[in-house]
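Topology and contacts: notes
Here is how the chains run, residue by residue.
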Amino acid sequence: MKKILFVCHGNICRSPMAEFVMKSLVREAGLADEIAVASKALHTDEIGSDTHRGTRAVLQAHGIPCTKRSAALMRREDYDAYDCIVGMDRENMHDLDRLTGGDPAGKVHKLLSFVGERRDVADPWYTGDFDATYRDVDAGCRALLAQLVQEK
């Protein structure tokens, strides 16, 4: 089973959005037995908090199921437990580099790199634009899934 971990600063907006979008895409592709998806935080600000209401609203608007959850912190041992770890912005990538000791196994990627872009997925906690974040997350997840299917 291929295990994917999405991460962002607090694990209440972007990474759970990516988690739920990817889980939905994986289910639609009939690959739920082959690909596991989770999300975690890189900072402790929101540990224990549920998914942000703006994220829940945009997921609902797109017909994507979103279950109650609690933000959790990524730990060093998660690096060994997951096959692919996906950050949302430069700060996430810096945090992941420090946490993983420089990504020795080459598992860490920035989400929009899967669509050939270097830019960040904007944090709707600050922008308030959950729709723009959703578009980026959806595009990145679709491209990641296409890559995983191609690698099979």
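In this report, we go over the structure that sits alongside the text. (Residues numbered from 1 in each chain as written. Predicted model: local features only at pLDDT ≥ 70, side-chain atom pairs only at ≥ 80, totals over all residues. Heavy atoms only, no water.)

**What about helix α4 (residues 90-100)?**
- All of the buried residues along α4 are Asn92, Asp95, Leu96 and Thr100. The buried residues of α4 occupy one face: seen down the axis, they fall within an arc of 115°. Seen from the buried face of α4, the exposed residues on the opposite side, beyond 90 degrees, are Arg90, Glu91 and Arg98.
- Where α4 is buried, its residues contact β1 (2-8), α1 (14-28), α3 (76-81), β3 (84-87) and β4 (108-110). (Buried < 20%, exposed > 50% of the residue type's maximum accessible area, 1.4 Å probe, protein only. Helix = DSSP H or I, 4+ residues; strand = E, 2+ residues; numbered from the N terminus. Arc of directions from axis to C-beta. Contact = heavy atoms within 4.5 Å.)

**Re the pairing of β3**
- Both faces of β3 are covered, namely the face carrying Cys84 and Val86 and the face carrying Ile85 and Gly87.
- Two elements, β1 and β3, share three bridges in a ladder whose sense is parallel. Residue pairing across strands places Phe6 opposite Val86, the latter belonging to β3.
- One ladder, built from three bridges, connects β3 with β4; its direction is parallel. Paired with Gly87 across the two strands is Lys110, which belongs to β4. (Pairing = 2+ DSSP bridges.)

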